[in-house]
Amino acid sequence: MGISKAVLPAAGLGTRFLPATKSCPKEMLPLVDKPLIQYVVEETKASGIREVIIITGRGKNAIEDHFDVSFELEQLLVQRGKNDLVETVRKISNMISFCYVRQREALGLGHAILCARQVVGHEPFAVLLGDDIIHSEVPCLRQLMNVYERHQCSILAVERVPRNQVSNYGVVAPRKMGDRLYQVLDLVEKPDPDRAPSDLAIIGRYILTPEIFREIEDTQPDSKGEIQLTDALRLLLKSQTVYAYEFEGTRYDAGSKLGFLKATVEFALRDPELGESFRSYLEELDLERLQPLG
Ligand code: G1P
């Protein structure tokens, strides 16, 4: 069965970006001129998915408004003859079919995905986490879908990370199966570096079989009371094969301030309109003059 639906959890509080995220969802923070979540939706569409299910929570209405028709804005832009901007704005609401499900309490990634169960039904589906922004020739999700077409099982995107950073990720115990492809023998959420089974970290792109819902239901909350997707995948391993794929591309952790800044600089340098002038600015920047405040 093919993959036609993608779940985008977007109910997180974004505490790392306070006060910017006090009344603005972190998913709406702009990378150059587009909100983070739009990059993820564009990757989903470019991968050939037809329906996006966004898991939202309180204070996230700006996301729905962003992907809706903006009648007044379009009228105003038409009146002012700004046809290219009308096109830009219209494209966003015509992009793909959207469905919103509210997660009433922030009970973890596994719980957020369980909220999509009714809408997904009994078919394999994709999950994309908005904190991971990926620049690649072939969209990262498409790379996973290509692997899924051959193996018909759950597939996790993975990347090698420095050992001292493994405790920020889910980490897999791999058995090499082919070029960039591993069978997952075990996986652990945020292990201590000295107890991690490898340096292959799970990045926020997944293809999941529908049996994951049953496993999430059976997953015990962790010490913070959150139901982790990694723990549910561990249960799934008992009955199904799970693969990990080391995707090709550059990943930015836009959920951290430093990662967000790196993404901003690199996307701005690649921007067809801004790139050249931004590059000249950086080349001329006098770093000595700019010392940290405080
Ligand atoms: C989540 C997952 C983790 C994964 C990470 C990828 O963690 O729980 O397994 O490695 O996303 O970004 P979070 O970053 O939400 O703490």
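The rules we used
- Residues numbered from 1 in each chain as written.
- Predicted model: local features only at pLDDT ≥ 70, side-chain atom pairs only at ≥ 80, totals over all residues.
- Heavy atoms only, no water.
- 1 Å grid on protein atoms, 1.4 Å probe; cavity = no way out; pocket = protein on both sides within 12 Å on 5 of 7 lines; lining within 4 Å.
- Points joined across faces, edges and corners; volume = space filled by probe spheres on them.
- Helix = DSSP H or I, 4+ residues; strand = E, 2+ residues; numbered from the N terminus.
- Nonpolar A, V, L, I, M, F, W, Y, C, P; charged D, E, K, R; others polar.
- UniProt positions renumbered as here; feature names shortened; annotations may be inferred.
- Near = heavy atom within 4 Å.
- Polar contact = N/O pair within 3.5 Å; in protein donor to acceptor, adjacent residues only side chain to side chain.
- Areas by Shrake-Rupley, 256 points an atom, 1.4 Å probe, with all protein chains shown as cover.
- Phe/Tyr/Trp six-rings, centres within 6.5 Å; stacked < 30°, edge-to-face > 60°.
- Buried < 20%, exposed > 50% of the residue type's maximum accessible area, 1.4 Å probe, protein only.
- Lys NZ or Arg CZ within 6 Å of the ring centre and 35° of its normal.
- Pairing = 2+ DSSP bridges.
- Contact = heavy atoms within 4.5 Å.

J.: I'm lost on empty space enclosed by the protein in this one. Help?
T.: All chains considered together, the criterion is met by 1 cavity of 30 Å³ or more. Of the voids in this model, the largest cavity is the one considered here, and its volume is about 50 Å³. If you trace the largest cavity, you find it lined by Leu8, Pro9, Ala10, Glu27, Leu36, Ile37, Val40, Leu128, Leu129 and Gly130. Contributions of two or more residues to the lining of the largest cavity are made by β1 (5-9) and α1 (36-46). Here the element with the most residues in the lining of the largest cavity is α1; it accounts for 3 residues. Residue composition of the lining of the largest cavity, grouped by class: 8 nonpolar, 1 polar and 1 charged.

J.: Please explain the UniProt feature "domain: Nucleotidyl transferase" (unreviewed entry) in the protein as it appears in this structure.
T.: Annotation from UniProt places "domain: Nucleotidyl transferase" (unreviewed entry) at residues 5-264. End C-alpha atoms of residues 5-264 are separated by 29 Å, and the span's content is 32% helix alongside 28% strand.

J.: Got a minute to help me understand the site of the ligand in this structure?
T.: Around the ligand, the neighbouring residues are Leu109, Leu129, Asp132, Tyr169, Gly170, Glu189, Lys190, Ile202, Gly204, Tyr206, Gln228 and Thr230. Note that an oxygen atom of the ligand is positioned 2.6 Å from one of the side-chain N or O atoms of Lys190. Within the contact set of the ligand, an oxygen atom lies 2.6 Å away from a backbone nitrogen or oxygen of Ile202. Contact with the protein chains hides 78% of the accessible area of the ligand, taken as 380 Å² for the molecule alone. The leading source of residues in the shell around the ligand is strand β11 (residues 200-208), at 3 residues. Split into classes, the residues belonging to the shell around the ligand amount to 5 nonpolar, 4 polar and 3 charged.

J.: What's the story with the packing of aromatic side chains in this structure? I'm lost.
T.: Each pair of aromatic rings is reported with the distance of its centres and the angle of its planes. Using the criterion set out here, one finds 7 aromatic pairs in the structure. For the ring pair Phe17 and Phe260, a centre distance of 5.5 Å and an interplane angle of 65 degrees mean the geometry is edge-to-face. Here Phe17 is found in the loop between β1 and β2 (30-31), whereas its partner Phe260 is found in helix α10 (residues 257-270), with 243 residues between them in sequence. Look at Phe17 and you get buried, because its relative accessible area is 11%. Their ring planes at 20 degrees and their centres at 6.1 Å tell us that Phe278 and Tyr281 sit as a pair that is stacked. In this pair, Phe278 and Tyr281 are both assigned in helix α11 (residues 275-284), 3 residues apart and thus about one turn of the helix distant. Following the ring pairs from residue to residue traces out a cluster consisting of Tyr39, Tyr252 and Phe267. In this structure, Lys34 is placed above the aromatic ring of Tyr39, and the distance from its NZ or CZ to the ring centre is 4.7 Å. Taking NZ or CZ as reference, Arg270 lies 5.3 Å from the ring centre of Phe267, over its face.

J.: What exactly am I supposed to notice about the pairing of strand β9 (residues 170-178) here?
T.: Consecutive side chains along a regular strand alternate between the two faces of the sheet. Note: β9 against strand β10 (residues 181-189), 8 bridges, orientation antiparallel. What sits directly across from Lys176, in β10, is Tyr182. Once β9 ends, the chain turns through 2 residues before running back antiparallel as β10, passing Arg180 with a positive phi of about 65 degrees.

J.: Can you help me understand the layout of surface pockets in this one?
T.: Picture a little ball the size of a water molecule; that probe, rolled over the atoms, points out where space is still empty. Each pocket or cavity is described by its volume, and for the second largest pocket that value is around 540 Å³. Along the walls of the second largest pocket sit 19 residues, with Asp33, Lys34, Gln38, Glu42 and Thr88 positioned nearest its centre. Of all the elements in the fold, those that place two or more residues in the lining of the second largest pocket are β3 (34-35), α1, α4 (83-94) and α10. Of the residues assigned to the lining of the second largest pocket, the class counts are 8 nonpolar, 3 polar and 8 charged.

J.: How should the side chain of Gln183 be read in this particular structure?
T.: On the secondary structure map, Gln183 appears in strand β10. With residues near it in sequence (within four places) discarded, Gln183 still touches Ala173, Pro174, Arg175, Met177, Thr241, Val242 and Tyr243.

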